[in-house]
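These are the residues of each chain, in order.
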Amino acid sequence: MDKPFFSIIVTTYNRENTIKRALESILIQSDNSWEAIIVDDGSKDKTREKIEKYLDDKRFKYVYHENQGAGFSKNRGLMIAEGNFVTFLDSDDEYLKDHLSSRKEILLSNDTIDLLYGGCKIIGNPYVPDINDKSKMIHLSNCIIGGTMFIRRSKAIEIGGFK
């Protein structure tokens with residue numbers, strides 16, 4: 001396989017009920033220059049069983065480690081990634097069919113872009129627990145949604161990845 005344009009890092013923890021939707025949304029992409037790296041952050045449920053069939057497709061890679069948090073898992077995926085750009089799909093989210101192709105068009109039209117962010121459709125409750133205070137709910141417009149961020153892999157490594 002040639003070097004993919006995109007590396008999609010899917011971090012997961014106990015998401016047996018949602019990960020199939022996320023992975024299926026990768027498979028239906030109109031642009032096929034991608035690899036998907038599933039980083040399992042110590043799931044104790046049947047997450048591994050749910051993703052087993054996807055591993056027959058060589059574009060999918062799987063790595064498991066004991067629970068160490070989202071930042072560690074994203075960095076682990078980043079170190080495995082081979083694509084020019086990395087993006088992050090949460091295991092309870094999904095892409096629309098032309099998500100990658102629309103971003104690729106923008107990125108190819110200007111080779112000085114190192115970070116591209118934005119554009120999502122929220123389905124369901126737009127409020128989530130605040131990461132800094134779980135007793136508060138905040139609107140998703142105040143959050144960074146990983147699937148909408150594309151960063152040049154070399155730059156992500158240069159800045160040291162995630163905390």
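Counting restarts for each chain, with residues numbered from 1 along the sequence as it is written. For this predicted model, a pLDDT threshold of at least 70 governs which residues receive local features, and a threshold of 80 or more governs which side-chain atom pairs are given and counted, while totals over whole chains, interfaces and linings are taken from all residues. With hydrogens and water set aside, each side-chain value is computed from the structure's full complement of heavy atoms.

Participant: Would you mind showing me how to read the overall build of the protein here?
Facilitator: Looking only at helices and strands, the protein features 5 helices and 8 strands. Working definition: helices are DSSP H or I runs of at least four residues, strands are E runs of at least two. Numbering for both runs from the N terminus. For the protein, the succession of helices and strands along the chain, N to C, is β-α-β-α-β-α-β-α-β-β-β-β-α. Throughout, radius of gyration means the C-alpha value; the globule benchmark is 2.2 Å times the number of residues raised to the power 0.38. For a compact globule of 163 residues, the expected C-alpha radius of gyration is about 15 Å, and the protein comes in at 15 Å, within 12% of that figure. For every residue, the accessible area obtained with a 1.4 Å probe (protein chains only) is divided by the maximum for its type, and the residue is called buried under 20%, exposed over 50%, and partly exposed between those limits. For the protein, with 163 residues in total, the buried portion stands at 41%. Under the convention used here, a 1.4 Å probe and the Shrake-Rupley method define accessible areas, while residue burial counts only the protein chains that appear. A total accessible area of about 9300 Å² is found for the protein, and carbon and sulfur atoms account for 51% of it.

Participant: Could you clarify how one ought to interpret the nonpolar core in this entry?
Facilitator: Generally speaking, soluble globular proteins have nonpolar side chains that are buried together. We call a set of buried Ala, Val, Leu, Ile, Met, Phe, Trp, Tyr and Cys residues a nonpolar core when their side-chain atoms join them within 4.5 Å. Counting residues in each nonpolar core, the largest one holds 23 residues, and the members touching the most others are Phe6, Ile8, Leu23, Ile26, Trp34, Phe60 and Leu107. Where this core is concerned, the elements lending two or more residues are strand S1 (6-12), helix H1 (19-27), strand S2 (34-40) and helix H4 (99-109). The leading source of residues in this core is H1, at 4 residues. Residues are treated as being in contact if the distance between any of their heavy atoms lies within 4.5 Å. Residues contacting Ile26, with those up to four places away along its chain left out, are Ile8, Val10, Trp34, Ala36, Phe60, Leu89 and Tyr95. Grouped together as the second largest cluster of nonpolar side chains are 11 residues, Val39, Leu78, Ile151 and Ala156 included.

Participant: Is there a simple way to think about unusual backbone geometry in this case?
Facilitator: It is generally the case that most residues other than glycine have a negative phi and that most peptide bonds are trans. Located in the positive-phi region is Asn14, a residue other than glycine, with phi close to 50°. Assignment of secondary structure puts Asn14 in the loop between S1 and H1.

Participant: Explanation requested: the side chain of Ser91 in the structure shown.
Facilitator: The topology assignment puts Ser91 in the loop between strand S4 (85-88) and H4. With near-sequence residues (within four places) excluded, Ser91 lies in contact with Val10, Thr11, Thr12, Arg15, Thr18, Ile19 and Ala22.

Participant: What is the right way to read the pairing of S2 from this model?
Facilitator: Successive residues of a regular strand alternate their side chains across the two faces of the sheet. The element S2 is extensively covered by neighbouring structure, given that 7 of its 7 residues are classed as buried. Burial along S2 is two-sided: the face carrying Trp34, Ala36, Ile38 and Asp40 and the face carrying Glu35, Ile37 and Val39 are both buried. Of the strand pairs in this sheet, S1 and S2 are connected by 7 bridges, and their pairing is parallel. Its bridge partner lying in S2, Thr11 is registered against Val39. Here the term right-handed applies to a crossover when the path leading from its first strand over the helix to its second strand runs clockwise, the strands being oriented away from the viewer. Considered for its hand, the β-α-β crossover made up of S1, H1 and S2 is right-handed. Here, any two strands with at least 2 DSSP bridges between them count as paired. As paired elements, S2 and strand S3 (residues 60-64) share 5 bridges and run parallel to each other. What sits directly across from Ile37, in S3, is Lys61.

Participant: What am I meant to see in the environment of Tyr62 here?
Facilitator: Structurally, Tyr62 can be placed in strand S3. Spatially, the C-alpha atoms of Tyr62 and Ile51 are 8.8 Å apart, while their sequence positions differ by 11 residues. Leaving out residues up to four positions away in the same chain, Tyr62 has contacts with Ile38, Asp40, Arg48, Ile51 and Leu55. As used in this structure description, the phrase polar contact means that two N or O atoms lie within 3.5 Å; if the pair is within protein, one of them must be able to donate a hydrogen and the other to accept it, and residues adjacent in sequence are counted only when both atoms belong to side chains. In terms of polar contacts, Tyr62 uses its side chain to reach the side chain of Asp40, at 2.9 Å.

Participant: Looking at this structure, I do not really get the packing of aromatic side chains. What am I missing?
Facilitator: Any pair of aromatic rings gets described here by the distance separating the centres and the angle formed by the planes. Here the aromatic set is Phe, Tyr and Trp, taking the six-membered ring for Trp, and pairing holds for ring centres within 6.5 Å; pairs whose planes are under 30 degrees apart are stacked, those over 60 apart are edge-to-face, and all others are tilted. What the rule picks out here adds up to 6 aromatic pairs. Measuring from ring centre to ring centre gives 5.2 Å for Phe88 and Phe162, while their planes differ by 85°; the resulting arrangement is edge-to-face. Note that Phe88 is positioned in strand S4 and Phe162 in the segment after helix H5 (153-158), a separation of 74 residues in sequence. On the basis of relative accessible area, Phe88 is assigned to the buried category, the value being 2%. With a relative accessible area of 33%, Phe162 lands in the partly exposed category.

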